[in-house]
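# Breakdown of the fold
Here are the chains, one letter per residue:
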Amino acid sequence: MALTAEQQQLKDEFIAVRGTWGDSWEAILKLDPGFLKAYLEFSAVPWRKNHLDAKTKEFMYIAIDAAATHLYEPGIRQHIKAALALGATKQEIMEVLECTATLGIHAMNIGVPILVEVLEEKGLRTGPAELTAYQEEVKAEFTRSRGYWHAFWDEMLELDPEIFATYTDFSSVPWRTGTLSPKVREFIYIAFDTAATHLYVKGLKLHIENAIGYGATPQEILEVMEIASVIGIHAVTTAAPILLEEAGE
């Protein structure tokens, strides 16, 4: 089906603003150009304001698309390609992915307090135990490596210092060997914590506090959240081509 003049104009505008095009966007354009226009205006807000530089914005897209709770491969590929075109190195992008891989520890962050609550309800725990010298050293190492400590780590450190020690080593790799600024790393954590596929409130608040501590502005943090807000479109980018195919078009 050939595009109308109006559809072609919208396609050209989309490419000019977002720098990409593909079969998914073509399908949406054919099915409902008004919806695509509205999405373009919505997704373009951080690109008009530019509180974050273009490369950092691409890092945010990579983080939310690569997060274990989303794993949207077309977006990962698109935004890695865009980041490279903007001068990002393989090492920088790998660092984004390494930070994003820490999302899994939230199983412990959420689960351990509930375990403690049940143990206390059943009389199997009366309160926190005093930390051993080893546990104190693990806590000190995390604080040195990551630049902060939060009380929601206390119970995990107490109950299983081995998992916390190995997580400290795992999560600290980009902080020891990476080249991204601490502020950008905190933006990465904010991006996947605030994304609709995760919504980890405790981590989100913590990393907003950390980012502000590293000099982030409210406008920069809002832009990270605005980028994370667009992932709902993947319902349409995934399904619209299927709709055209099944409808015989």
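Everything quoted here is computed from the prediction, not taken from an experiment.

## Observations concerning helix α11 (residues 161-177)
Three or four residues apart is the spacing at which side chains of an α-helix point the same way, because the helix has 3.6 residues per turn. Between its first and last C-alpha, α11 extends 24 Å over 17 residues, near the 24 Å set by a 1.5 Å rise per residue. The axis of α11 is deflected most strongly, by about 40°, at Ser-171, and proline Pro-174 appears within four residues downstream. Every buried residue of α11 is listed here: Pro-161, Phe-164, Tyr-167, Thr-168, Ser-171, Ser-172, Pro-174 and Trp-175. Considering only its buried residues, α11 is in contact with α7 (90-100), α9 (133-146), α10 (154-159) and α12 (182-194).

## Some points on empty space enclosed by the protein
Considering all chains together, one arrives at one cavity of 30 Å³ or more under this definition. Around the largest cavity sit 16 residues that line it, and Thr-102, Ile-105, His-106, Tyr-167 and His-207 are the ones nearest its centre. Contributions of two or more residues to the lining of the largest cavity are made by α8 (106-121), α12 and α13 (201-213). Of the residues assigned to the lining of the largest cavity, the class counts are nine nonpolar, five polar and two charged.

## Some details on the layout of surface pockets
Quantified by volume, the largest pocket comes out at close to 350 Å³. If you go around the largest pocket, you meet 23 residues; those closest to its centre are Ser-24, Trp-25, Tyr-72, Pro-74 and Gln-78. When residues of the lining of the largest pocket are traced back to their parent elements, those giving at least two are α2 (23-31), α5 (54-66), α6 (73-85) and α15 (234-246). Taken together, the residues of the lining of the largest pocket break down into eleven nonpolar, nine polar and three charged. Considering the residues around the second largest pocket, the lining is formed by 13 residues, among which Gly-19, Thr-20, Gln-78, His-79 and Ala-82 are closest to the centre. Broken down by secondary-structure element, the contributors of at least two residues to the lining of the second largest pocket are α1 (5-18), α5 and α6. Here the element with the most residues in the lining of the second largest pocket is α6; it accounts for six residues.

## Re the packing of aromatic side chains
If you walk through the whole model with that rule in mind, you get 15 aromatic pairs. Arranged with centres 5.4 Å apart and planes meeting at 15°, the rings of Trp-25 and Tyr-39 form a pair that is stacked. With a gap of 14 residues between them, Trp-25 in helix α2 and Tyr-39 in helix α3 (residues 33-43) connect regions that are remote in the sequence. Of the two residues examined, Trp-25 and Tyr-39, each falls in the buried class. With a centroid separation of 6.0 Å and 90° between ring planes, the pair formed by Tyr-189 and Phe-192 is classed as edge-to-face. Here Tyr-189 and its partner Phe-192 are both found in helix α12, three residues apart, which amounts to about one turn of the helix. Relative accessible area serves as the criterion here: at 2%, Tyr-189 is assigned to the buried category. For Phe-192, a relative accessible area of 2% gives the class buried.

## Focus on a nonpolar patch on the surface
A contiguous nonpolar surface patch, about 240 Å² in accessible area, is contributed by Ile-110, Ile-114 and Val-118. Along the chain, the position of Ile-114 falls in helix α8.

## Here we look at the nonpolar core
In terms of nonpolar packing, the biggest core is built from 45 residues, with Phe-59, Met-60, Ile-64, Phe-187 and Ile-188 touching the most fellow members. Among the elements that line this core, the one with the most residues is α12, at seven residues. Not counting the four nearest positions on each side in its chain, Phe-187 is found in contact with Leu-52, Thr-56, Met-60, Ala-211, Ala-216, Glu-220, Ile-221 and Val-224. The next biggest cluster of nonpolar side chains, apart from the first, holds 14 residues, and it includes Ile-105, Val-138, Phe-142 and Met-156.

## Focus on the pattern of salt bridges
Close approach of charged atoms lets side chains of opposite charge pair. Counting across every chain of the model gives 15 salt bridges. A salt bridge links Glu-41 to Arg-48, with the nearest nitrogen and oxygen atoms 3.5 Å apart. What makes Glu-41 partly exposed here is its relative accessible area of 34%. Between Glu-209 and Lys-205 there is a salt bridge, with its nearest N and O atoms 2.7 Å apart. Highlighted residues: Glu-209 and Lys-205, both in helix α13, separated by four residues, approximately one helical turn. Residue classification places Lys-205 among the exposed positions, given a relative accessible area of 53%.

Rules used in this analysis
- Residues numbered from 1 in each chain as written.
- Predicted model: local features only at pLDDT ≥ 70, side-chain atom pairs only at ≥ 80, totals over all residues.
- Heavy atoms only, no water.
- Helix = DSSP H or I, 4+ residues; strand = E, 2+ residues; numbered from the N terminus.
- Expected span 1.5 Å × (residues − 1).
- Bend = angle between axes of the 7 residues up to and from the residue.
- Buried < 20%, exposed > 50% of the residue type's maximum accessible area, 1.4 Å probe, protein only.
- Contact = heavy atoms within 4.5 Å.
- 1 Å grid on protein atoms, 1.4 Å probe; cavity = no way out; pocket = protein on both sides within 12 Å on 5 of 7 lines; lining within 4 Å.
- Points joined across faces, edges and corners; volume = space filled by probe spheres on them.
- Nonpolar A, V, L, I, M, F, W, Y, C, P; charged D, E, K, R; others polar.
- Phe/Tyr/Trp six-rings, centres within 6.5 Å; stacked < 30°, edge-to-face > 60°.
- Patch = residues over 30% accessible without salt bridge, like charges linked within 9 Å, V, L, I, M, F, W, Y side chains within 5 Å.
- Areas by Shrake-Rupley, 256 points an atom, 1.4 Å probe, with all protein chains shown as cover.
- Salt bridge = Lys/Arg side-chain N within 4 Å of Asp/Glu carboxyl O.
- Core = buried A, V, L, I, M, F, W, Y, C linked by side-chain atoms within 4.5 Å.

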